[in-house]
Amino acid sequence: MSDTNNSTFDPAVFLAHAGLGRSVIEVKPQQTFFSQGDQADAVFYLQSGRAKLTVVSHNGKEATITLLSAGDFVGEESLAAVLGMRLATATAVSTCSALKIGRDAMIRVIHEEHAFSDLFLSFLLARSMRTQADLVDQLFNSSEKRLARILLLMAEFGKPGQPETLIPKISQETLAGMIGTTRSRISFFMNRFRRLGFLEYNGRIRVHKSLLNVILHDQLPDDNAVKPDLPHDPPTRSISAKIRRPKSAELFKTEQNRK
């Protein structure tokens, strides 16, 4: 009999313990939950720790899609109608505890327990909104503001409860990949934020609430970051707008003598 078939089903209890079709796993830093190209046969629920989701292009370039924290699901592509392959790699940033839920068990609990399906749907909608916000951030904000936003998200500002001001150790290369800039640029911005009192940076990063001013009010002494250029139509040239070069004095005299 399924352990989800009862009138007192609690999603929090279900996600906290192993059971039919699910198991609790421990993942150490730099170890993977799954890799790009693996068979998508399970969903993971992050109970504790931090992780990141990355993709690698055909030419070997790696990009970080998003950072994951406790309460996030990852690997939901395994619920597609046709069993496919992983589209990205999930890697632990810090020591993680996660519930691994097999594809069949996940589909079953979604169908049988409305409380769980409501929880999972809320997560998917929140992730969709986050993805849209990431895209808008990438298109319209400077690299400096994008870095500030990533640091605030890692510190969990805006989530219920107290923010985790001391964020997990993360390299400048990883931050550069997430923002779409260079490591030297990240170093410049991090030093600047530290100088302005927005964060403490000595191996581990401690984010202060004042960093919100960068996002909400653009409160920076000056703008050293350049917003990305947006595509635009090339300027059109009309014949009437062409400027003719004046004739030289020698050419003018020659033409007068011919007349």
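Up top you'll find the structure we're talking about.
We now turn to the structure provided with this report. The residue numbering used here restarts from 1 in each chain and proceeds along that chain's sequence as written. In keeping with the model being predicted, local features are shown solely for residues with a pLDDT of at least 70 and side-chain atom pairs are shown and tallied solely at 80 or more, while totals for entire chains, interfaces and linings include all residues. Excluded from the side-chain calculations are hydrogens and water; all other atoms, namely the structure's heavy atoms, are used.

**Some words on the pattern of salt bridges**
When the charged atoms of two side chains lie near each other, side chains of opposite charge can form a pair. This is how it is decided: The salt bridge definition used is simple: a Lys or Arg side-chain nitrogen within 4 Å of an Asp or Glu carboxyl oxygen. Each helix is a run of DSSP H or I of at least 4 residues and each strand a run of E of at least 2, with the numbering of both proceeding from the N terminus. Only protein chains enter the accessibility calculation, which uses a 1.4 Å probe; a residue whose area is less than 20% of its type maximum is buried, one above 50% is exposed, and one in between is partly exposed.
If you walk through the whole model with that rule in mind, you get 6 salt bridges. Here Arg-130 makes a salt bridge to Asp-134, at a shortest N to O gap of 3.3 Å. Taken as a pair, Arg-130 and Asp-134 lie in helix H3 (residues 114-140) at a separation of 4 residues, close to a single helical turn. We classify Arg-130 as partly exposed; its relative accessible area is 22%. By sharing partners, the salt bridges in this structure join Arg-130, Asp-134, Asp-137 and Arg-149 into a single network.

**So, the sheet that holds strand E1 (residues 22-27)**
As a reminder, the rule being used: When DSSP finds two or more bridges between two strands, those strands count as paired.
In space, the 4 strands of this open sheet follow the order E1-E8-E3-E6, with antiparallel pairing throughout. This sheet does not close on itself; its edge strands, each paired only once, are E1 and strand E6 (73-74). In this sheet, E6 lies alongside strand E3 (residues 42-48) in antiparallel orientation, the contact comprising 2 bridges. Opposite Tyr-45, over in E6, you have Phe-73 as the bridge partner.

**Considering the environment of Thr-54**
To keep it simple, the criterion reads: Throughout, a residue-residue contact means that at least one pair of heavy atoms, one from each residue, lies within 4.5 Å.
For Thr-54, the position within the fold is in strand E4 (residues 51-56). Taking relative accessible area as the criterion, Thr-54 reaches 4% and is therefore assigned buried. Discounting chain neighbours no more than four positions away, the residues touching Thr-54 are Gln-36, Glu-62, Ala-63, Thr-64, Ile-65, Ala-88 and Thr-89.

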